[in-house]
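# Structural overview
One-letter residues, chain by chain:
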Amino acid sequence: MSSPADLLKTPLYDLHVELGARMVPFAGYSMPVQYPDGLMAEHKHTREAAGLFDVSHMGQVKLVGADAAAALESLMPVDVMSLGVDKQRYGLLLTDAGTIIDDLMFVNRGDHLFLIVNGACKVGDIAHMQAKIGTRCEVVPLPDRGLLALQGPKAVDALQRLVPGVEKLVFMTGGAFNWQGADLYITRSGYTGEDGFEISVPAAQTEALARALLQQPEVKPIGLGARNSLRLEAGLCLYGNDIDTTTTPVEAGLNWAIQKVRRTGGERAGGFPGADKILPFMQDAAGNPAAQKVSRKRVALLAKERVPVREHIELQNAAGEKIGETTSGLLGPTIDQPIAMGYVTPEHAANGTEVFAAVRSKKIPMTVSPTPFVPTRYYRG
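What this report covers is the structure whose coordinates are included nearby. (Residues numbered from 1 in each chain as written. Predicted model: local features only at pLDDT ≥ 70, side-chain atom pairs only at ≥ 80, totals over all residues. Heavy atoms only, no water.)

## A look at the sheet that holds strand β4 (residues 59-64)
Taken in spatial order, the five strands of this open sheet run β5-β6-β7-β4-β8, and their pairing is antiparallel. Edge positions in the sheet fall to β5 (88-94) and β8 (138-141), since each has one partner strand and no second. This sheet shows a mean twist of 30° between the axes of neighbouring strands, independent of strand direction. Both strand β6 (residues 100-108) and strand β7 (residues 112-117) contribute to a ladder of five bridges, which runs antiparallel. Each residue of the ladder has a partner; that of leucine 104, found in β7, is valine 117. (Pairing = 2+ DSSP bridges. Helix = DSSP H or I, 4+ residues; strand = E, 2+ residues; numbered from the N terminus. Axes fitted to C-alpha atoms, helices over the stretch in contact; angles between N-to-C directions.)

Rendered as structure tokens:
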């Protein structure tokens, strides 16, 4: 673990300290895990009103050049080239073995592509893109920008007072805005399952914007702890836990992120790293079944007893045989039940299947469940 002197500080570090946050090392930064009200209160406030998250540790990158879309598409199994202007999409950088280097969001901003990558992966991601496509387009890191996430059913009420016009955005779209002379790029998206926004802002104006948002009656600051519990209730993967360079998109249940145009029989089928390792396990563009079966699948789990099941807990069948392992887990604050995510053998992956988590010397019964655990409330217009 890094010493405090080694940790980087986001533009909101002083504000976090002023607000009494408990700071922890995360992705090389000193980040707020929670504020004085605590994780449960922060989680529930985001579900009921609006929570402000500092996500400035994440990497912001732009790809510039006429070949940028085709270049990025050569690194990912998703449709980049037909994405409309100011439309956003989820993407996956892959190894040659078809496993996941990182998951990311990208937007077509017209004259360039704008990417947001995970904080713990950004140095490697940028180096990977520069090495693989740096001769086809310009890969430009944006370390001089902060990133805020405003999430919750009342996020739009708070943000439109400061930035009129954001209420016109719909889920997975973005737009350029201005606040007190600061150029913003705002997408209507997030990591909680709630309606909300992610706001790219010049680093020098990040604290001022955060303070202005916190002056709105709906908004409270939220830390990493509630960010994690919110995303797990929404059934969203956490890179480094639920997906990593040992997992393929098919094992992870992320087939939905691979559009038909990139699948076998599609107009631009294959052409991405690990295509020969992934496409045989996927339904093709015409809807024909996969030719091969994976050896494990990611599942969501709901505990039948009130015993939290954390990550790296062995999962067993009724006979006590190991069938997998959890990758994330906690007590879901909204549903007030222990929930988890993990990988199991395919014969145990169907919804309704009972499995058992080996927590210390006890076997906790869990049911494979559909996600999200809490219904999403994305604004689609």
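## What to know about the sheet that holds strand β13 (residues 219-222)
One open sheet accounts for six strands, arranged β10-β11-β12-β9-β3-β13; its pairing is mixed. Two strands bound the open sheet, and with one partner strand each, they are β10 (174-179) and β13. The sheet shows a mean angle of 30° between the axes of neighbouring strands, taken without regard to direction. The sheet contact formed by strand β3 (residues 50-54) and strand β9 (residues 145-151) spans four bridges and is antiparallel. Bridge assignment links leucine 52 to a residue of β9, and that residue is leucine 150.

## With respect to the pattern of salt bridges
Counted under the stated rule, the structure contains 20 salt bridges. Measuring nitrogen to oxygen at the nearest pair gives 3.0 Å for the salt bridge that ties aspartate 336 to arginine 306. Here arginine 306 lies in the loop between β14 (297-303) and β15 (314-316) and aspartate 336 lies in the loop between β16 (322-332) and β17 (337-344), a separation of 30 residues in the sequence. On the accessibility criterion, arginine 306 (54% relative accessible area) is exposed. Taken together, the salt bridges that share partners define one network made up of Glu73, Asp79, Arg89, Arg262 and Arg268. (Salt bridge = Lys/Arg side-chain N within 4 Å of Asp/Glu carboxyl O. Buried < 20%, exposed > 50% of the residue type's maximum accessible area, 1.4 Å probe, protein only.)

## Concerning the nonpolar core
Core analysis: the largest hydrophobic core is formed by 27 residues, its most contacted members being Leu184 and Ile186. For this core, the secondary structure elements donating two or more residues are β3, β9, α5 (155-162), β10, β11 (182-187), β12 (196-202) and α6 (203-214). Looking at this core element by element, the count peaks at five residues for α5. Contact partners of isoleucine 186, with chain neighbours within four places excluded, come to Leu159, Val163, Val166, Leu169, Thr173, Gly174, Gly175, Phe177, Phe197, Glu198 and Ile199. With 26 residues, the next largest nonpolar core counts Cys237, Ala252, Ala300 and Phe373 among its residues. (Core = buried A, V, L, I, M, F, W, Y, C linked by side-chain atoms within 4.5 Å. Contact = heavy atoms within 4.5 Å.)

## Quick notes on the packing of helix α2 (residues 39-48) against helix α7 (residues 224-233)
The axes of two packed helices give the description: the angle between them and the distance between them. At a minimum axis separation of 8 Å, α2 and α7 run at an interaxial angle of 55°. Regarding the angle of α2 to α7, the classification is oblique. Crossing handedness for the pair α2 and α7: right-handed. Across from Leu39, Glu42, His43, Thr46 and Arg47 in α2, the residues of α7 making contact are Gly225, Ala226, Ser229, Leu230 and Glu233. Class assignment for the residues of the contact of α2 with α7 results in three nonpolar, four polar and three charged. (Parallel < 35°, antiparallel > 145°, perpendicular 65-115°, else oblique. Left-handed = near helix turned anticlockwise from the far one by under 90°. Nonpolar A, V, L, I, M, F, W, Y, C, P; charged D, E, K, R; others polar.)

## Let's talk about the packing of aromatic side chains
Inspection of every chain in the model, using the stated rule, returns three aromatic pairs. Summarising the aromatic geometry, the rings of tyrosine 90 and tryptophan 256 are spaced 5.3 Å apart at their centres and angled 25° between planes, so their arrangement reads as stacked. Separated by 166 residues along the polypeptide, tyrosine 90 in strand β5 and tryptophan 256 in the loop between α7 and α8 (275-278) bring together distant segments of the chain. Assessed through its relative accessible area of 14%, tyrosine 90 is described here as buried. According to the relative accessible area criterion, tryptophan 256 is exposed, its value standing at 56%. Ring centres of phenylalanine 171 and tyrosine 378 lie 4.1 Å apart, and the angle between their planes is 10°; this geometry places the pair in the stacked category. One end of the pair, phenylalanine 171, is in the loop between α5 and β10; the other, tyrosine 378, is in the segment after β19 (362-369), and 207 residues separate them in sequence. We classify tyrosine 378 as buried; its relative accessible area is 19%. Over the aromatic face of tyrosine 343 sits the side chain of arginine 296, whose NZ or CZ is 4.5 Å from the ring centroid. (Phe/Tyr/Trp six-rings, centres within 6.5 Å; stacked < 30°, edge-to-face > 60°. Lys NZ or Arg CZ within 6 Å of the ring centre and 35° of its normal.)

## Comments concerning empty space enclosed by the protein
Evaluation of the coordinates by the stated rule reveals two cavities of 30 Å³ or more. Reported here for the largest cavity is a volume of approximately 60 Å³. Surrounding the largest cavity, Leu12, Leu15, His16, Leu19, Tyr35, Leu52, Phe53, Asp54, Leu214 and Pro221 form its lining. Put simply, the parts of the chain that give the lining of the largest cavity at least two residues each are α1 (13-18) and β3. Per-element accounting of the lining of the largest cavity gives the leading share, three residues, to β3. Considered class by class, the residues forming the lining of the largest cavity number eight nonpolar, one polar and one charged. Of the pockets and cavities examined, the second largest cavity occupies roughly 40 Å³. (1 Å grid on protein atoms, 1.4 Å probe; cavity = no way out; pocket = protein on both sides within 12 Å on 5 of 7 lines; lining within 4 Å. Points joined across faces, edges and corners; volume = space filled by probe spheres on them.)

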